[in-house]
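What follows is the residue order along each chain.
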Amino acid sequence: MKALTEGRYCGRDGIWAVFDLGWNTELRVGILEQDIGRVFMKRDGGYRLDRSWSVAPGGVEPSFEGRLRDSTEGFTCPDASVTEQDGSVQLEGAGLKAVVTLSPFGIAWYRLGDDRPFLRDRPTQAYFLSRKTGAIQHVMARDQHDRHYGVGDKAGPLDHTGRRFKIDAVDPCGFDAELSDPLYKMIPFLVVDGLAGAHGVYYDNLAVGEMDLGCTIDNYHGLFRSYSAQDGDLDFYVVAGPGVPDVVRRFSWLTGGQAFAPKWTLGFATTTMTITDAPDADARITDFIEKCRYHQIPCDSFHFGSGYTSIGHRRYAFNWNRDKFPDPAGTMRRLKEAGKQPVTNLKPCLLDDHPRLNEAREQGILVMDGATSQPAVAQFWDGLGFHVDFTNPDGRAWWRDGIQTALLDYGVVSVWNDNNEYEIWDEDAMCNGDGRPFPQTLARAAQPLLMTKLSFEAQAAYAPGKRPYAVTRGGAAGLWRYAQTWSGDNETAWKTLRFNLTQGLNMSLSGMFNIGHDVGGFHGPSPNAELFCRFVEFCSLWPRFVMNSWKDTGIVNLPWMHESVIPQVRGAITLRYRLMPYLYTQMWWASRENEPVVRPLFYSFPDDRAALDIQDSFMLGPDILVAPVLEEGATDRKVYLPEHPGGWFDFHDGRHFDGRQTITVPAPLGRLPVFVRCGAIIPVTRQTDGINPSADTQRELIIFGAPQDVADAYLFEDDGDTSDWQGDGRLELRFQLRRSDKNLVLSLNSVGSYRPAFDTVSVRAVAVDVPIRIEAPEGSIKVAQGAPAFQG
């Protein structure tokens, strides 16, 4: 590749400062918001790919055709001044400043008022491009104290420093949660935290690439990190921080924010290929319903594995196996009557003997091989196949019709977009591009993103007034606008617990807030009773709580698979439902404020340096610390509690602990260590047999200790799936607890017209030794004193 080391300032073009880097290459620098800058290159006067599907500032939704790369829609583009002096150009506006050195060419980014850059290019060759291929590279200076997070669903420890990751997507069934790379998603977004504060860098490029976070050491250059791509455009956004939470929230905003899923999606769910693969699948679903009832296991949805589409041992999108399911609509109805919403797996590849393959060929809706003018061939489950092209409007229409007529019309409520990594390795594969074709190598990850967008919109159109819900395994940045996702087909092993935890935290820091893990492990040996129970505990307080497995033995993960721990499994599930009002409120807050639901301890406690090293616990929202047991044979658990005024309380028994210390607590099977920070107000329910807002007639607030000054808490309520969750269909209750003389005063403000099944919120207190006076306006929701949460 050529190193672009000499720049010439060419002047302004609107908000952009324009530079000529030689080799017929232009680079532009601009300030889009007070905390967001952008840098992009044009080669030979244009782009390799002139559009994007990930950038959606403030919810400006890209069309299926994509957002033009030159667009600034959705950005405020504040006024910025340009100053030239001594071989440099300074662009300054709002809260951000970029200082561009012309020789050797490089950019340093400053927050206004700071005297040191939070991000700077490597002074020895920072920009590269290939004149023979489409390859590009960007290299930044790295400080020895920098920590690196994000990059999507990556395996290994929480801090990625010293790692090198491939930005690619495959189907790594049974992946090693510590070592495997790549996994399912292509998200080149990096969060850097260090002495200069935190910042983020997002590369809006959907080609295969690489992120080197200090793995490469080269004596000629000092410490550095780099991003490279095999093709596409160098187009990156700089998010100024200054804290990790600022970076994460802003990246979520930049990519369109978070879909607010229906409440039932937070309930426990089950799927297994074995049930729908069985010749008596329909009877097995009936048996599953009965066993849930018998063992008193709440389950709010059943996710159909792809076996419902089988002909022989192969799987065919939009086909119902009528031997297994003589009456699909009847099966869906039976599940719904049992309180279990049906979700169906759907794969985008049509096998080479698919009953509708000729139809798809004739309509030209498949990804094509540009060299042969035939559909591009790919290896898939059970053989070779051809992928539907979601950049083709005819392909989208064909797929949407299939979703409606083969799934939604039968009573299916949601689509699980699976096996959508688009492993078409043909270099001549071409996408229709809505009439402007482009090589698939430029944007493979756009296909799963658009597949998920289509399923989301198809469901919204089919059931207007209700919030749609989609699931996707693959995709690019922005998938969270439409869907829930998860860490993928994990291995049943003890170390999976530890590294799924850090993998999930990095997914959350990468913009994926509605996430979880396959309960019990998807692949590998069947878990013994201890590992199975710990898996259930571990997964019980992540947003997605789905038991999913496929085992060579045919013995799959089900809640009752080990009779000896059924009570403990039931207890862990019950804990989740008890906390459902808190969890649902956090999911609403994530959609409203771009705040992750699950986060590392340092996210919430940045001033506690010890919290930086904690990789075996996580925060659920701002108030609850979860410390799952990760070691075989353990009956207790060491837990670090961050520094916090007033300390912490054990959620289970109300015991108090000071912060900034490591404690040891009992953790027998079935007891997930959970702690609540002092001053927190936690809403809970007694409806633990499933999610049914119309029958949820009780709501409690537990106050854990008196706050030092003022404490706030929200409680969000609606009917569970209304699309009017931002309008009159909602009820937002904001509680504030403050000190007043010798009392505590709890006040309530409410917004919205929704009336829940309960009319009273009962207030209970832990370790509060002064009276609580309630100030609530007259209205349909009353607030009343309850008994102490814990006696003694």
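Looking at an unreviewed UniProt entry, one finds the protein named Glucosidase and attributed to Microvirga aerophila. The protein has a UniProt comment under Sequence similarities (unreviewed entry) that states "Belongs to the glycosyl hydrolase 31 family."

On to the overall build of the protein. Of regular secondary structure, the protein possesses 12 helices and 56 strands. For 792 residues, the compact-globule formula gives about 28 Å, and the C-alpha radius of gyration of the protein, at 27 Å, lands near that figure. C-alpha extents for the protein along the principal axes are approximately 75 × 70 × 50 Å. Classification of the 792 residues of the protein by burial places 63% in the buried group. Across the protein, contacts joining residues at least 24 apart in sequence account for 68% of those joining residues at least 6 apart. Of the roughly 27300 Å² of accessible surface on the protein, a fraction of 47% belongs to carbon and sulfur atoms. Across the protein, 80 positive and 102 negative side-chain charges occur, with their mean positions spaced 2 Å apart.

Before going further, it helps to spend a moment on the pattern of salt bridges. Across all of its chains, the model carries 67 salt bridges by this definition. Its salt-bridge partner being Arg 671, residue Asp 653 comes within 3.3 Å of it at the nearest N-O pair. Residue Asp 653 is found in the loop between strand S45 (648–650) and strand S46 (656–657), and its partner Arg 671 is found in the loop between strand S47 (661–666) and strand S48 (674–677); the two are separated by 18 residues along the sequence. In this structure Asp 653 comes out as partly exposed when scored by relative accessible area, which is 31%. A single network of salt bridges, built from pairs that share partners, joins Asp 171, Lys 347, Asp 418, Glu 421, Arg 473 and Asp 489.

The residues that UniProt annotates with the feature "domain: Glycoside hydrolase family 31 N-terminal" (unreviewed entry) are residues 27–212. Structurally, residues 27–212 comprises 0% helix and 45% strand, and the distance from its first C-alpha atom to its last is 23 Å.

Looking now at the nonpolar core. Where a protein is soluble and globular, its nonpolar side chains tend to be buried together. Phe 19, Leu 27, Val 29, Ile 107, Trp 109, Tyr 127 and Trp 399 are the most contacted members of the largest nonpolar core, which has 217 residues in total. With eight residues, the single largest contributor to this core is helix H9 (residues 529–539). Of the domains in this structure, domain 1 (600–675) and domain 2 (680–785) are the two that each give at least three residues to this core. Core analysis: the next-biggest nonpolar cluster, separate from the first, contains 21 residues, Ala 706, Leu 733, Val 761 and Val 763 among them.

Take the UniProt feature "domain: Glycoside hydrolase family 31 TIM barrel" (unreviewed entry) in the protein next. UniProt's entry tags residues 259–586 with the feature "domain: Glycoside hydrolase family 31 TIM barrel" (unreviewed entry), counted in the numbering of this structure. Counted over residues 259–586, helix gives 35% and strand 18%. Its end C-alpha atoms are 13 Å apart.

Counted at 1.5 Å a residue, the expected span for helix H7 (residues 446–462) with its 17 residues is 24 Å, and the 24 Å between its end C-alpha atoms agrees. Among the 17 residues in H7, 13 count as buried, and that is most of the element.

Attention now goes to unusual backbone geometry. Residue Ser 103 is joined to Pro 104 through a cis peptide bond whose omega torsion reads -10°. Secondary-structure assignment places Pro 104 in the loop between strand S10 (96–102) and strand S11 (105–111). Cis geometry is found at the peptide bond from Gly 241 to Pro 242, where omega equals 20°. Checked against the element boundaries, Pro 242 lands in the loop between strand S22 (235–239) and helix H1 (244–254). Its identity is not glycine, yet Trp 23 carries a phi of approximately 55°, on the positive side.

On to the domain arrangement of the protein, then. Each assigned domain of the protein is listed here: domain 1 (600–675) and domain 2 (680–785). Here domain 1 and domain 2 have C-alpha centroids that lie 25 Å from each other. Across the interface of domain 1 and domain 2, roughly 600 Å² is buried in total on both sides, 84% from carbon and sulfur atoms. Considering only the side of domain 1, the residues that lose the most area to domain 2 are Asp 623, Phe 649 and Phe 651, jointly responsible for 70% of the buried surface there.

Under the criterion given, the structure shown has 46 aromatic pairs. By the ring-pair criterion, three or more aromatic residues cluster together here, those being Phe 288, Phe 302, Phe 304, Tyr 308, Trp 320, Phe 325, Tyr 410 and Trp 560. Directly above the aromatic system of Trp 381 lies the positively charged group of Lys 347, at a separation of 4.4 Å from the ring centroid. If you follow Arg 467 out to its NZ or CZ, it ends over the ring of Phe 260, 4.0 Å from the centre.

Below, the discussion takes up the sheet that holds strand S8 (residues 80–85). Within a beta sheet, neighbouring strands are joined by backbone hydrogen bonds and run either parallel or antiparallel to one another. The sheet built from five strands is open, its strands ordered S8-S9-S10-S11-S12 with antiparallel pairing. The open sheet is flanked by S8 and strand S12 (119–120), the only strands paired with a single partner. For strand S9 (residues 88–93) and S10, the ladder comprises six bridges, and the chain directions are antiparallel. Note on S10: the bridge partner recorded for Ser 88 is Thr 101.

Turning to H1, a few remarks are in order. Burial analysis of H1 places nine of its 11 residues in the buried class, which makes it a mostly covered element. The set of residues buried in H1 consists of Val 244, Pro 245, Val 247, Val 248, Arg 250, Phe 251, Ser 252, Trp 253 and Leu 254. At the exit of H1 stands Gly 256, carrying a positive phi of roughly 100°.

Taken as a whole and judged by the stated rule, the model has zero disulfides. Here Cys 533 stays free of any disulfide, with the sulfur of Cys 539 as its closest cysteine sulfur at 12 Å. Note on Cys 533: relative accessible area 0%, which makes it buried.

Take Asn 432: it is sitting in the loop between strand S34 (429–431) and strand S35 (438–439). Separated by 118 residues in the primary sequence, Asn 432 and Trp 550 have C-alpha atoms spaced 35 Å apart. Beyond its immediate chain neighbours, meaning those up to four positions away, Asn 432 contacts Asp 389, Thr 391, Asn 392, Pro 393 and Pro 437.

Mapped onto the secondary structure, Met 1 falls in the segment before strand S1 (2–3). Measuring from C-alpha to C-alpha, the distance between Met 1 and Tyr 127 comes to 9.7 Å, with 126 residues separating the pair along the chain. What Met 1 contacts, discounting residues up to four positions off in sequence, is Phe 128, Leu 129, Ser 130, Ala 135, Ile 136 and Gln 137.

Position of Arg 699 among the secondary structure elements: in strand S50 (residues 699–704). Taking the C-alpha atoms as reference points, Arg 699 and Ala 463, separated by 236 residues in sequence, lie 29 Å from one another. Within the structure, the side chain of Arg 699 is placed 3.2 Å from the side chain of Thr 685, a separation counted as a polar contact. Engagement of the side chain of Arg 699 in a polar contact is seen with the side chain of Asp 696, the distance being 2.8 Å.

Let us now look at the packing of H9 against helix H10 (residues 566–578). Helix-helix packing: each pair is described by the crossing angle between the helix axes and the interaxial distance. For the pair H9 and H10, interaxial distance at closest approach is 9 Å and the crossing angle is 0°. By the criterion of interaxial angle, the relationship of H9 to H10 is roughly parallel. Here Phe 532, Cys 533, Val 536, Glu 537 and Cys 539 of H9 come into contact with H10, specifically with Gln 568, Val 569, Ala 572, Ile 573 and Arg 576. Within the contact of H9 with H10, the residues separate by chemical class into seven nonpolar, one polar and two charged.

What counts, and where the lines are drawn
- Numbering of residues starts from 1 in every chain and runs along the sequence as written.
- In keeping with the predicted nature of the model, local features appear solely for residues at pLDDT of at least 70, side-chain atom pairs appear and are counted solely at 80 or more, and the whole-chain, interface and lining totals rest on all residues.
- Calculated side-chain values reflect all of the structure's heavy atoms, with hydrogen atoms and water omitted.
- UniProt positions are given in the numbering used here, feature names are shortened, and annotations may be inferred rather than shown by experiment.
- Each helix corresponds to a stretch of at least 4 residues labelled H or I by DSSP, and each strand to a stretch of at least 2 residues labelled E; elements are numbered beginning at the N terminus.
- With C-alpha atoms as the basis for the radius of gyration, the globule rule is written as 2.2 Å multiplied by the number of residues raised to the power 0.38.
- Between buried and exposed lies partly exposed: a residue is buried under 20% and exposed over 50% of the maximum accessible area for its type, with that area taken using a 1.4 Å probe on protein chains only.
- We call two residues contacting when some pair of their heavy atoms lies within 4.5 Å.
- Note on areas: Shrake-Rupley, 1.4 Å probe, and residue coverage restricted to the protein chains presented here.
- Two residue types count as positive, namely Lys and Arg, and two as negative, namely Asp and Glu; His and chain ends fall outside the count.
- By convention, the charge on Lys lies at NZ, on Arg at CZ, on Asp at CG and on Glu at CD.
- Within this document, salt bridges are pairs made up of a side-chain nitrogen of Lys or Arg and a carboxyl oxygen of Asp or Glu, the two lying within 4 Å of each other.
- Joining through side-chain atoms within 4.5 Å is the link that ties buried Ala, Val, Leu, Ile, Met, Phe, Trp, Tyr and Cys residues into a set, and such a set is a nonpolar core.
- Throughout, the edges of the domains are those of an automatic or database domain assignment.
- The length a helix should cover is 1.5 Å for every residue beyond the first.
- When two components associate, each loses some accessible surface as probed by a 1.4 Å sphere; the sum of these losses over both components is called the buried area.
- The rule is short: rings of Phe, Tyr and Trp, with Trp giving its six-membered ring, pair when the centres are within 6.5 Å, and they are stacked under 30 degrees, edge-to-face over 60, tilted in between.
- Should the NZ of a Lys or the CZ of an Arg lie within 6 Å of a ring centre and within 35 degrees of the ring normal, that charge is described as sitting over the ring.
- For two strands to count as paired, DSSP must find a minimum of two bridges between them.
- We call a pair of cysteine sulfur atoms a disulfide whenever their separation is within 2.5 Å.
- Here a polar contact is recorded for every N or O atom pair within 3.5 Å, except that within protein the pair must consist of a potential hydrogen donor and a potential acceptor, and residues adjacent in sequence are included only if both atoms are side-chain atoms.
- Lines fitted to the C-alpha atoms define the axes, with helices restricted to the stretch that makes contact. Angles between their N-to-C directions range from 0 to 180 degrees.
- Here the word oblique covers every angle except those under 35 degrees (roughly parallel), over 145 (roughly antiparallel) and from 65 to 115 (roughly perpendicular).
- Following the grouping adopted for this structure description, the nonpolar residues are Ala, Val, Leu, Ile, Met, Phe, Trp, Tyr, Cys and Pro, the charged ones are Asp, Glu, Lys and Arg, and the polar ones are all others, Gly among them.

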